[in-house]
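As a plain string of letters, each chain reads:
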Amino acid sequence: MLDNNSGKIYSVNGNMITVQFDTFVTQNEIAYAVLNDAKLKCEVIRVRGDKADLQVFEDTKGLKVGGLVEFTDELLTVELGPGLLTQVYDGLQNPLDSLAEQTGFFLQRGVYLPPLDRDTEWDFKSTAKVGDKLIAGDKIGSVLEGIYDHWIMLPFSFKGTWEITEVKPNAKYKVLDIVAIAKNEKGEIKEISMMQKWPVKIPIKCYKEKLLPEKTLITQQRIIDAFFPVATGGTFCTPGPFGAGKTVLQHALSKFAETDIVVIAACGERAGEVVETLREFPHLEDPKTGKSLMDRSIIICNTSSMPVASREASVYTAVTLTEYYRQMGLNCLLLADSTSRWAQALREMSGRLEEIPGEEAFPAYLESLIAGFYERAGLVKLNNGSTGSITIGGSVSPAGGNFEEPVTQGTLKVVGAFLGLSRERSDARRFPAIHPLESWSHYKSILAQEDIDYARETLSRGNEVEQMMKVVGEEGTHIDDFICYLKSEFLDFVFLQQNTFDKVDAATSEERQIFVFAKVLSILKSNFDFTDKDLARRYFAELRQIFTDWNYISDKTEEFRSHEVTLDNKVKEHSNA
Amino acid sequence: MRKVYHKIIHIAGNVITVEADNIGYGDLAEVTSRQGVSLAQVIRLEGKKVFVQVFAGARGISTNDEVRFIGEPMKVSSSENLLGRVFTGGGLPRDSKPAINDDLIEIAGPSVNPAKRIIPKNMIRTGIPMIDIFNTLVESQKLPIFSIAGEPYNEVLARIAMQAEVDVIVLGGMGLKYDDYLKFKNTLDDEGALSHTVMFVHTASDPIVECLLVPDMALAVAENYAIKGKKVLVLLTDMTNYADAMKEIAITMEQIPSNRGYPGDLYSQLAARYEKAVDFDGAGSITILAVTTMPGDDVTHPVPDNTGYITEGQFYLKNGRIEPFGSLSRLKQQVNDDTRSDHRDIMNTMIRMYSEYLETKEKQSMGFQLSNWDKKLIKYGAQFEDTMMNLSVNIPLEKALDLGWQILADCFDKSETGIKTDLLNEYWPK
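Let us now look at the packing of aromatic side chains. Scanning the model with the defined rule gives 43 aromatic pairs over all chains in all. Between Phe242(A) and Phe146(B) the ring centres are 6.4 Å apart and the planes differ by 90°, which places this aromatic pair in the edge-to-face class. With Phe242(A) in the loop between strand E19 (235–239) and helix H3 (246–256) and Phe146(B) in strand E13 (residues 142–147), the pair connects residues from two separate chains. By relative accessible area, Phe242(A) is classed as buried at 4%. Residue class for Phe146(B) comes out buried when judged on its relative accessible area of 1%. Between Arg44(B) and the ring centre of Phe51(B), over which it is positioned, the NZ or CZ distance is 5.5 Å. One Lys or Arg, Lys420(B), reaches over the ring of Tyr552(A) and ends 4.7 Å from the middle of that ring.

Shown next, in the form of structure tokens:
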């Protein structure tokens, strides 16, 4: 199978090889370095004269100068079709479960399996008819994938208008079986199967227009939905030092966010965390559908010890799969943990290429790549008038927890909400450790803006009083200021903080958030008749206790209502409202 | 017949360059010089040039010395006879017993398929309340002790190793002081643990390249035992020396440094080692306890910083105590709900109170009048530090939890604790 398009290795340096090629190469095309009976996947990342620099997606141990490299003339692509949901892939869309069956405990290099199972049969129902004129992304038919109507579409790579000349009868087909045939104006005839391929680094744009994201995405995390909301089709980032709870927060979002599809890109992070997701999700129930959470999820898992070049590819793989489901009019959430590791992968390659380094040795083009990634989010109007969306949430792991670094800064420029996690809050075990005074969001809250403003005012006043007390002491603080401080602490404890390890408190529905917040707000607005600070402190401690207990009670029980009465009575003890 | 090369065209740091053909990336070579024979590894290929890193260092190598390529990468023995033995980073015996060269396995092998991992669920009991209650150590966890020079980190490491119920202990020593090496050896010997221990030790005076090999050798051996179903505990001390060795090599190779001279792939390199910690589906496990010394007690220094992002938490050892802030076990949630129903609440409440105590202490030192609440906190803080944080305390988890309730009851009213009412009813000392 030796065609002209091959080359010979000239140098090997870590995961980069330089190849002397015979005829031509394409930037970003995929090639395979042949090593004994294995072929290692590589990508062309620079061409100079008759030599091309390739990043190798595998360990390069054993490669020799003069070794054969075969070029494919294809960009890095993913397979799109039914069967993606519930899968766990590596950064190059290798199915990890099937790999484990074949290679055992370890990931052997050079083993690539088809991402979509070739033998599964899907029940195809056509919607297009012979004679229909379609453009890329239009529905030809559908199969049922779990609970979703999975569209079989005119492949995204088809340019112009195509006329359907044949549709196969409704029956069971495998992904590679032909289900329709189409002809374009030039008379080209193409067969269409249920699977198509798409290059990961190019956004899928088969839609009419991008719309402004306005609807709040309910994450069931109180501090997010109420104070720093994220819109369906919006973007947000969660930077924070290690140990501040980025991953726990991402887990909570992946479990409780009210969305159709969740794609998790575990990019350069701990394997253990992914294992938690992939062992837990099949057993967790999606409250909306009653099915397992896994049924709505795809996990792209390129952990920190897996080859760094495929870490770079993994976020693109993830976003491309997300775009595919968006094309079916679904709302999708992409969680990338962590974009810093992706940026570091870029830095490593940039270093090997001996490019002139930018700040902290990150490449100069880092910011435009980050922007390009987040811009693939959005709410879109599809060709048939329905809408689909991608919400992207990226966690950022800034060196030393200092947000003044290139990845955080580059991300803040392009996202719509900033949920900054703080060491100070996590040390005080105030979780989620999203800093209520430093974070921001451009999106609409589920609560009335004036109420949120009032609550934030209380928090910032409370913070001022706290700072002041550090200087003048408690005795020098006026009782009114002191009560304001207690109120802000109260708000923090009973509403902003949320126990993700408690069955009930882990997720608060929109309805409950509105109900509970009204209660909190009425307490914040009440006047309390204290003259003694110790008494006030004790009273608020008790009030907090009752409220926290209340948070742990399901709102569908009688106990929830009886506890509310206890709370109301407690409030009346000292408030003249 | 393997070809011998006599023309060394370049020597810089510990890296020498020869011209040779048909050499595999990562292959081993033997360099014979007046200093003796040293192993070396191919770290870069460029046309005819082969860059070789000499384990024993390039000092004393002359341009016409002999380089012979072995044609395969670095390997280590996986024989059962390793137990009780001590080796150098290069795999040679450090004790006066014969070398072991049977059942060789590759080091720095591929990464474990995440699909073959399981969620860790076994607590490792250490008898130290700051660990057992507040930051529970879990089988298959990777956890460093962040510390500064002069702290008893190696003692803590040894103590945990002795208490933990594991089948095999593998010690990887990097840049270890000779005294520390002897201390480790003696502790293991005294406790009768030497017979199930393998040691790879690079002391501060050994060639720097051997330091780089230590974690890979130790982890390859550990992995081999784990696959055979053994519970393995790997101790790595000190990973900062390892990172510094990497820095030294990177700089001599003229790589563009990213942060304070460390190479841009520091994160990936550290992760590749730490990620060897695993609980296999259907086999044994590897738990990694490491030491990372923080230059200048600075947690934002690239080594502790990158480590913190990789490991599943850290123990922060300062002033002879494991600090509650900064210390973290990310896996504690996997185990601390099956220990005892009050475990999590005691953990959270006591830490929260301690954090309030520290604020109050600050207030006190500034001379402010203390409220009744402040006085309670002061009392609490002192008790907490004396009992819970004291490293010489050695009690099982259940006793430590009871002690926690005792301290709370001694200092506060029920309602001030913020603990759920049903737990208060069950555990509050009468």
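Bringing the domain arrangement of chain A into the picture now. Residues and elements named next belong to chain A. Here chain A is partitioned into domain 1 (6–75), domain 2 (82–103 + 208–360 + 376–404 + 415–441), domain 3 (121–199) and domain 4 (449–574). Listed by partner, the interface residues are 20 residues for domain 2 and 25 residues for domain 4. When domain 2 packs against domain 4, the two sides together hide about 2000 Å² of surface, and 55% of this comes from carbon and sulfur. It is Arg222, Phe227 and Arg430 that lose the most area in domain 2 upon contact with domain 4, and together they represent 41% of the buried surface on that side. There are four salt bridges connecting domain 2 and domain 4. A salt bridge links Asp492 to Arg430; the nearest nitrogen and oxygen atoms lie 2.8 Å apart. At the junction of domain 2 with domain 4, the criterion picks out 14 residue pairs in polar contact (both at pLDDT 80 or more). For the side of domain 2 that touches domain 4, the secondary-structure elements that each account for two or more residues are helix H2 (222–227) and H3. Top contributing element to the side of domain 2 that touches domain 4 by residue count: H2, with five residues.

Now for the domain arrangement of chain B. Residue and element names in this part refer to chain B. What the domain assignment reports for chain B is domain 1 (4–73), domain 2 (77–335) and domain 3 (343–427). Contacts between domain 1 and domain 2 engage 13 residues on the former and 11 residues on the latter. Between domain 1 and domain 2 lies a buried interface of about 880 Å² when both sides are counted; carbon and sulfur atoms form 71% of it. Of all residues in domain 1, Asn14, Gln53 and Phe55 give up the largest surface area on contact with domain 2, accounting jointly for 50% of the area buried on that side. Taken together, the connections running from domain 1 to domain 2 amount to zero salt bridges. At the boundary of domain 1 and domain 2, one finds zero residue pairs in polar contact (both at pLDDT 80 or more). Elements that contribute at least two residues to the side of domain 1 that touches domain 2 include exactly strand E5 (36–46) and strand E6 (49–54). Each residue belonging to the side of domain 1 that touches domain 2 can be placed in one class, and the counts come to eight nonpolar, four polar and one charged.

With that out of the way, let us pick up the confidence of the model for chain B. Where the model shows low pLDDT, its predicted coordinates should not be examined in detail. Per-residue pLDDT for chain B averages 92, and the proportion of residues at 70 or more is 100%. Here strand E17 (residues 257–259) of chain B stands out as the element of chain B with the lowest mean pLDDT, 83, in contrast to strand E20 (residues 285–293) of chain B, whose mean of 97 is the highest.

With that out of the way, let us pick up unusual backbone geometry. Residue and element names in this part refer to chain A. Note the cis peptide between Asp337 and Ser338, where omega equals 5°. Here the residue pair Phe431 and Pro432 is connected by a cis peptide bond, since its omega of -10° sits within 30 degrees of zero. In this structure, Asn36 is a non-glycine residue whose phi angle is positive, near 50°. Tracing the backbone through its elements, the reader meets Asn36 in the loop between strand E3 (29–35) and strand E4 (38–48). A residue is classified by how much of its surface remains accessible, and Asn36, at 72% relative accessible area, is exposed. The backbone phi angle of Arg429 is positive, close to 55°, even though this residue is not glycine. Along the chain, Arg429 falls in the loop between helix H9 (423–427) and strand E26 (440–441).

Residues and elements named next belong to chain B. For helix H3 (residues 178–190), built from 13 residues, the straight-helix expectation of 18 Å at 1.5 Å per residue is met to within 8% by its first-to-last C-alpha distance of 18 Å. Every buried residue belonging to H3 is among Asp180, Tyr181, Phe184 and Leu188, and all of these are buried. End-on view of H3: buried residues confined to an arc of 105°, all on one side of the axis. Facing away from the buried side of H3 by more than 90 degrees, the exposed set consists of Asp179 and Asp190. The inward-facing, buried residues of H3 abut strand E9 (86–87), helix H2 (153–163), strand E14 (168–176), strand E15 (197–203) and strand E16 (231–237). Phi turns positive one or two residues past the end of H3, at Gly192, with a value near 70°.

With that out of the way, let us pick up the environment of Gln41(B). Residues and elements named next belong to chain B. Locating Gln41 in the fold gives a position in strand E5. When the C-alpha atoms of Gln41 and Leu176 are compared, they prove to be 23 Å apart, with 135 residues separating the residues in sequence. If sequence neighbours within four positions are ignored, Gln41 has contacts with Gly26, Asp27, Leu28, Phe51, Val52, Gln53 and Phe55.

The next point concerns a nonpolar patch on the surface. Residue and element names in this part refer to chain A. Taken together, Met468, Val471 and Val472 make up a surface patch of nonpolar side chains, about 240 Å² in accessible area. Turning to its location among the elements, Val472 is positioned in helix H10 (residues 449–472). Taking relative accessible area as the criterion, Val472 reaches 36% and is therefore assigned partly exposed.

Residue-level contacts link 78 residues of chain A with 80 residues of chain B. When the area that chain A buries against chain B is broken down by residue, the three leading residues are Phe105(A), Phe242(A) and Arg270(A), summing to 13%. Counting every contact that joins chain A to chain B gives seven salt bridges. Taken together, chain A and chain B are joined by 36 residue pairs in polar contact (both at pLDDT 80 or more). Secondary structure elements with two or more residues in the side of chain A that touches chain B: strand E1 (6–13), helix H1 (96–103), helix H4 (271–280), helix H5 (308–326), helix H6 (339–352), H10 and helix H13 (533–551) of chain A. The leading source of residues in the side of chain A that touches chain B is H13(A), at eight residues. In terms of residue class, the side of chain A that touches chain B is built from 29 nonpolar, 19 polar and 30 charged.

What counts and what doesn't
- Residues numbered from 1 in each chain as written.
- Chains lettered and ligands numbered in written order.
- Predicted model: local features only at pLDDT ≥ 70, side-chain atom pairs only at ≥ 80, totals over all residues.
- Heavy atoms only, no water.
- Phe/Tyr/Trp six-rings, centres within 6.5 Å; stacked < 30°, edge-to-face > 60°.
- Helix = DSSP H or I, 4+ residues; strand = E, 2+ residues; numbered from the N terminus.
- Buried < 20%, exposed > 50% of the residue type's maximum accessible area, 1.4 Å probe, protein only.
- Lys NZ or Arg CZ within 6 Å of the ring centre and 35° of its normal.
- Domains from an automatic or database assignment.
- Contact = heavy atoms within 4.5 Å.
- Buried area = accessible area lost by both parts, 1.4 Å probe.
- Salt bridge = Lys/Arg side-chain N within 4 Å of Asp/Glu carboxyl O.
- Polar contact = N/O pair within 3.5 Å; in protein donor to acceptor, adjacent residues only side chain to side chain.
- Nonpolar A, V, L, I, M, F, W, Y, C, P; charged D, E, K, R; others polar.
- pLDDT = per-residue confidence, 0-100.
- Expected span 1.5 Å × (residues − 1).
- Arc of directions from axis to C-beta.
- Patch = residues over 30% accessible without salt bridge, like charges linked within 9 Å, V, L, I, M, F, W, Y side chains within 5 Å.
- Areas by Shrake-Rupley, 256 points an atom, 1.4 Å probe, with all protein chains shown as cover.

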